[in-house]
Amino acid sequence: MAGDQIVVLEDDKNLQTVDNIIPALNADAAQPPMTAALDAVSAALDTDKLIELNKQVDVERNTSDQAAAAFYEAEGIEVTDTSGSGQVVVGAANFSESATLAELYALALTDAGYDVEVRTIGNRETYEPALESGELTVVPEYVGTLTEFLNVKVNGPDATADDPKASSDLDATTENLTALGEEVGLVFGEPSQAADQNAYAVTTAFAEEHAVTTLSELAEACGELTLGGPVECPDRPFCQPGLEQTYGLKFSEFVSLDAGGPLTKQALTSGDIALGMVFSSDAALATD
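Here we summarise the structure given alongside this text.

## Comments concerning the pattern of salt bridges
Here's step 1: Applying the stated criterion to the full structure yields 8 salt bridges.
Here's step 2: Put simply, Glu117 and Arg119 hold a salt bridge, and the shortest N to O gap is 3.2 Å.
Here's step 3: A relative accessible area of 26% places Arg119 in the partly exposed class.
Here's step 4: Because the salt bridges share partners, they merge into one network encompassing Glu117, Arg119 and Glu135.

## Focus: the nonpolar core
Here's step 1: Core analysis: the biggest nonpolar cluster contains 32 residues, and Leu45, Leu104, Leu109 and Val138 have the highest contact counts within it.
Here's step 2: The set of elements that each furnish at least two residues to this core consists of β2 (21–26), α1 (32–44), α2 (47–58), α3 (64–75), β3 (87–93), α4 (96–111) and β5 (138–142).
Here's step 3: Among residues more than four places away in sequence, those in contact with Val138 are Pro23, Ala24, Leu25, Leu38, Val88, Val89, Val90, Gly91, Tyr105, Leu109 and Leu131.
Here's step 4: Of all hydrophobic cores here, the second largest spans 22 residues; its members include Leu15, Val202, Leu225 and Tyr247.

## Let's talk about unusual backbone geometry
Leave glycine aside and you will find that most residues have negative phi; peptide bonds, for their part, are mostly trans.
Here's step 1: Positive phi, normally seen in glycine, also occurs at Asn14, with a value near 55 degrees.
Here's step 2: Residue Asn14 is classed as partly exposed on the basis of its relative accessible area, which comes to 48%.
Here's step 3: Its identity as a non-glycine residue notwithstanding, Arg61 has a phi of 65 degrees, on the positive side.
Here's step 4: Look at Arg61 and you get exposed, because its relative accessible area is 64%.

## A few points about the pairing of strand β9 (residues 250–256)
Regular strands place their side chains on alternate faces of the sheet.
Here's step 1: The pairing of strand β8 (residues 224–229) with β9 spans 6 bridges and is classified as parallel. Bridge pairing links Leu225 to Phe251 in β9.
Here's step 2: Handedness of the β8-helix α11 (residues 240–247)-β9 crossover: right-handed.

The rules behind each value
Residues numbered from 1 in each chain as written. Predicted model: local features only at pLDDT ≥ 70, side-chain atom pairs only at ≥ 80, totals over all residues. Heavy atoms only, no water. Salt bridge = Lys/Arg side-chain N within 4 Å of Asp/Glu carboxyl O. Buried < 20%, exposed > 50% of the residue type's maximum accessible area, 1.4 Å probe, protein only. Core = buried A, V, L, I, M, F, W, Y, C linked by side-chain atoms within 4.5 Å. Helix = DSSP H or I, 4+ residues; strand = E, 2+ residues; numbered from the N terminus. Contact = heavy atoms within 4.5 Å. Pairing = 2+ DSSP bridges. Right-handed = clockwise from strand over helix to strand, strands pointing away.

In structure tokens, the structure reads:
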């Protein structure tokens, strides 16, 4: 059903693993004033606020540093330990959300007394080794995704399938992440309540027509649906197989699009698909 706005349906049976934002630090460089400053940022964030930050950059076309500065001031983020000293390099992945989070970290670390540089350094395969080596001091990361990345790195290529360490339990996943981090020289701050995880959306018109707010309600209310998402979706347990097995959803067709990108959102709003895989902090989910 076509519509101008999309809405995420609640993953009420916890198909997805947690992916809360968490500061990842080089263990040798980490200092108490540093982690305290980063934890202050974590405490100020939740998913709705992250969506709004992404909207400021991706829709309103502010720069990441402008959006971060406005948020930092509006939230009144306060750094109480200002005894830090020396240079800190905050790494950012090559997408806007990571860049904005890196700028938030930089503001807090500057207030803590550090000389801060923000450096965009690419994807996880590039920046994680740089974090281990100390080329980077801290990077905004995602609890579940980094946990399984390190699981494979520490325990081998089959580790995610044989012994997954990420789950829908934030505390348990963070505990596993901490243990894996010790193996490679990383430590972590406190995870925030802001999460950017795989999510499934319909148009608001569809949700209102069928009175659905959760994936369980969708399965009860609807017959066969058209699903859209990344090309690997039919083979990934968090995507089509998981939706079928966990929720009993039925699909008449899968449309190969992108991973939570403009193709999927356009297909949703035009009515070409009923259900699409998006990311839970997408700017398109802003309600105003």
